[in-house]
Amino acid sequence: MSRAAPRVLIVAACVLIDFYDADASVLTIISRALGPICVASPVLAEVEQLNESSARSLGLRVVHQAKLVSCSVLVRLVRFTPGELALFADFVQLEVARAGCRA
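Note that the structure is a prediction, hence the values are computed from the model and not measured.

### Side note on the nonpolar core
The nonpolar side chains of soluble globular proteins are, as a tendency, buried together. I10, L16, L27, V39, L44, L50 and L60 are the most contacted members of the largest nonpolar core, which has 16 residues in total. If you list the elements that add at least two residues to this core, you get helix 1 (13-23), strand 2 (37-40), helix 3 (41-45) and strand 3 (60-63). With three residues, strand 2 is the largest single contributor of residues to this core. Setting aside chain neighbours within four positions, we find L44 in contact with L16, V39, L50, N51, E52, A55 and V62.

### A closer look at the pairing of strand 2
Because side chains alternate across strand 2, one face comprises the buried residues I37 and V39, and the other comprises C38 and A40, equally buried. For strand 1 (residues 8-10) and strand 2, the ladder comprises three bridges, and the chain directions are parallel. The residue bridging L9 from the neighbouring strand is C38, located in strand 2. Looking at chain direction, strand 2 and strand 3 are connected through four bridges and run parallel. Looking at strand 3, one finds that I37 is bridged to L60.

Quick notes on the rules
Residues numbered from 1 in each chain as written. Predicted model: local features only at pLDDT ≥ 70, side-chain atom pairs only at ≥ 80, totals over all residues. Heavy atoms only, no water. Core = buried A, V, L, I, M, F, W, Y, C linked by side-chain atoms within 4.5 Å. Buried < 20%, exposed > 50% of the residue type's maximum accessible area, 1.4 Å probe, protein only. Helix = DSSP H or I, 4+ residues; strand = E, 2+ residues; numbered from the N terminus. Contact = heavy atoms within 4.5 Å. Pairing = 2+ DSSP bridges.

In structure tokens, the structure reads:
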């Protein structure tokens, strides 16, 4: 019986920034060894060092869904308190996980 490849989900922009700043090629190594590295488009948007094209070239799978895209717009329009923003980030990651890291 074959098992599905595991998926890695980056849940915070600071994690992606740390990997990028340390050595971006680590992301490629991880994606080749473990399987897709998924990141929600709103999380990627917080990382100034990467755009979608460069993220994909490193092996990241950017998750776009209508709900996530509308969430990204909502973040720019609404001023969240730190606690509300943390809850919102949790919601976005739940939606990505629910999508099964499908791009």
